[in-house]
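Understanding the architecture of this molecule
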Amino acid sequence: MSVRITNTMHHFSQSNPKGPGQRDVPALLRRVADTIEGLGNVEIYDLIMHNETTEDGDWPGLTVYFNYVTDHA
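Residues numbered from 1 in each chain as written. Predicted model: local features only at pLDDT ≥ 70, side-chain atom pairs only at ≥ 80, totals over all residues. Heavy atoms only, no water.

**Concerning the environment of His-10**
Structurally, His-10 can be placed in strand β1 (residues 10-15). Judged by its relative accessible area of 29%, His-10 falls in the partly exposed class. Non-local contacts of His-10, meaning those with residues more than four positions away in its chain, are made with Val-64, Tyr-65, Phe-66, Asn-67 and Tyr-68. (Helix = DSSP H or I, 4+ residues; strand = E, 2+ residues; numbered from the N terminus. Buried < 20%, exposed > 50% of the residue type's maximum accessible area, 1.4 Å probe, protein only. Contact = heavy atoms within 4.5 Å.)

Right, dumping it as structure tokens:
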């Protein structure tokens, strides 16, 4: 008998705007932190940094995996 897994993991990916400043990792971290705060009550499971190479140079980004926290009273 197989058991169906019903948990859902949410995620988003974010980078700085393309062009000057796209390589600014501290700015990227601040942007991601602001986005996480805007999500409300969430639990963060993982942050994965990735890099794309463009004609303007490296373009780092972050993917954030999270779930909404619900209180069971």
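**Considering helix α1 (residues 25-39)**
Its 15 residues give α1 an end-to-end C-alpha distance of 21 Å, which sits within 8% of 21 Å, the value for a rise of 1.5 Å per residue. Those residues of α1 that sit buried are Ala-27, Leu-28 and Val-32. Projected down its long axis, α1 carries its buried residues within an arc of 135°, all on one side. Turned more than 90 degrees off the buried face of α1, the exposed positions are Arg-30, Asp-34 and Glu-37. For α1, the secondary structure elements touched by its buried residues are β1, β2 (42-54) and β3 (57-68). For α1, the N-terminal capping position is held by Asp-24, with its side-chain oxygen 3.2 Å away from the main-chain nitrogen of Ala-27. Phi for Gly-40, located one or two positions after α1, is positive at around 95°. (Expected span 1.5 Å × (residues − 1). Arc of directions from axis to C-beta. Polar contact = N/O pair within 3.5 Å; in protein donor to acceptor, adjacent residues only side chain to side chain.)

**A closer look at the packing of aromatic side chains**
Overall, the coordinates contain 2 aromatic pairs when judged by the stated rule. Taking 5.4 Å as the distance between ring centres and 80° as the angle between the ring planes, the aromatic pair formed by Phe-66 and Tyr-68 counts as edge-to-face. Taking relative accessible area as the criterion, Tyr-68 reaches 41% and is therefore assigned partly exposed. By way of ring pairs, the aromatic residues Phe-12, Phe-66 and Tyr-68 are connected into one cluster. (Phe/Tyr/Trp six-rings, centres within 6.5 Å; stacked < 30°, edge-to-face > 60°.)

**Quick look at the environment of Leu-39**
Its place among the elements puts Leu-39 in helix α1. In the structure, Leu-39 is positioned 29 residues away from Tyr-68 in sequence and 8.3 Å away in space, judged by C-alpha atoms. Leave out the neighbours within four places in its chain, and Leu-39 touches Phe-12, Phe-66 and Tyr-68.

**Regarding the sheet that holds β3**
Spatial strand order, β1-β3-β2: 3 strands in an open sheet with antiparallel pairing. One side of each edge strand has no neighbouring strand; the edge strands of this open sheet are β1 and β2. Strand-to-strand twist of the sheet, defined as the mean angle between neighbouring strand axes without regard to direction, takes the value 20°. Bridge analysis of β1 against β3 gives 6 bridges, and the strand direction is antiparallel. By the bridge assignment for β3, His-10 is matched with Phe-66. (Pairing = 2+ DSSP bridges. Axes fitted to C-alpha atoms, helices over the stretch in contact; angles between N-to-C directions.)

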